Amino acid sequence: MKGTQRKSGPASQPPALKQDGLHVAIIMDGNGRWATARGLPRVAGHQAGAEAVRRTIEAAPKLGIRTLTLYAFSSDNWHRPPDEVATLMKLFHEYLERHTAECVKHGIRLTVIGRRDRLDPKLRRAIERAEAATAAGDRLHLRIAVDYSARDAIVRAACRVNGRPVGRAEFARLLGEAIHGREPVPDVDLLIRTGGEQRLSDFLLWECAYAELYFTNRMWPDFGAQDLEAAVRDFHRRERRFGRVLASAG
Ligand code: FPP
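Quick summary incoming for the structure in this document. (Residues numbered from 1 in each chain as written. Predicted model: local features only at pLDDT ≥ 70, side-chain atom pairs only at ≥ 80, totals over all residues. Heavy atoms only, no water.)

1. What about the overall build of the protein?
Broken down by element type, the protein carries seven helices and eight strands. Compactness check: the protein gives a C-alpha radius of gyration of 18 Å against a globular reference of 18 Å for 250 residues, within 12% of the reference. For the protein, the spread of C-alpha atoms along the principal axes amounts to about 60 × 55 × 35 Å. Taking all 250 residues of the protein together, 48% fall into the buried category. (Helix = DSSP H or I, 4+ residues; strand = E, 2+ residues; numbered from the N terminus. Rg over C-alpha atoms; globule rule 2.2 N^0.38 Å. Buried < 20%, exposed > 50% of the residue type's maximum accessible area, 1.4 Å probe, protein only.)

Below, the structure written as structure tokens:
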């Protein structure tokens, strides 16, 4: 991949996984194609995608992931057919209702990022209940992005700056508030996109400034623990320089 280098090492011996609190973000793409390829309606792909969400969350802490941000519904997704939008909203609601207790049990703190004012009030209340119930979770911070647009969030944060000189940390705080984040989260270390496309689709544009990008042809409903592990192992082989020159360079 352009701009990254891989550390050389024996291919048969994967590097040991570090447990250093990664922030991994995932663009869960390919639900519709997965369903169409099976002669099923697109919504069946989203239902299968919800299972992949469950598998991914279960696998994440064991791979050193401490923050996991999933792109569930972009602000542009409102333009999809109404029945597909309704199914997705129903899936989010069901997910919150069914999995909150499990999240509490496994130390998962759940927050939803994005705009709330266009969500159904019942879904909003379910989000608030899930966030309150899981607030003490310290094993994994799961962030689900719903009605999310990185560009809209940046514009909202910039409006609040209102000409004042602010540093990056202050801007990041304002950005967090603009997406309903309770506090700033670390920048994204690894951005995964499934479904074979290679684009960012208005997701975490600020937070991904130095993210390593990983694209896989796997359709989201087929994504599992092994795929997540492969992505994290690939990440650990990358050399991150953050625009600098390594001290060891000649
Ligand atoms: C993109 O695939 C996927 C989405 C817009 C929705 C993601 C939603 C889920 C995985 C379901 C449940 C999520 C939670 C958090 C419970 P696409 O429909 O654009 O696929 P395509 O590119 O093949 O058409």
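2. Points about the pattern of salt bridges
All told, the structure shown has 26 salt bridges when counted by the stated rule. The shortest N-O distance in the salt bridge between Glu 94 and Lys 90 comes to 3.3 Å. Pair noted here: Glu 94 and Lys 90 are both in helix H3 (residues 82-105), with a separation of four residues, about one helical turn. Residue Lys 90 is classed as exposed on the basis of its relative accessible area of 53%. (Salt bridge = Lys/Arg side-chain N within 4 Å of Asp/Glu carboxyl O.)

3. Quick look at the sheet that holds strand S6 (residues 190-193)
Taken in spatial order, the six strands line up as S4-S5-S3-S2-S6-S7 in an open sheet, and their pairing is parallel. The sheet is open, and its two borders are formed by strand S4 (108-113) and strand S7 (212-215), each paired with just one other strand. Going across the sheet, the axis of each strand differs from the next one's by a mean of 20°, ignoring polarity. Both strand S2 (residues 22-27) and strand S3 (residues 65-74) contribute to a ladder of six bridges, which runs parallel. (Pairing = 2+ DSSP bridges. Axes fitted to C-alpha atoms, helices over the stretch in contact; angles between N-to-C directions.)

4. A word on the environment of Asn 77
Note on placement: Asn 77 falls in the loop between S3 and H3. Of the residues examined, Asn 77 reaches a relative accessible area of 15% and is grouped as buried. A C-alpha to C-alpha distance of 28 Å links Asn 77 and Ala 135, two positions 58 residues apart in sequence. Apart from residues no more than four positions distant in its own chain, Asn 77 is found in contact with Ala 72 and Val 85. (Contact = heavy atoms within 4.5 Å.)

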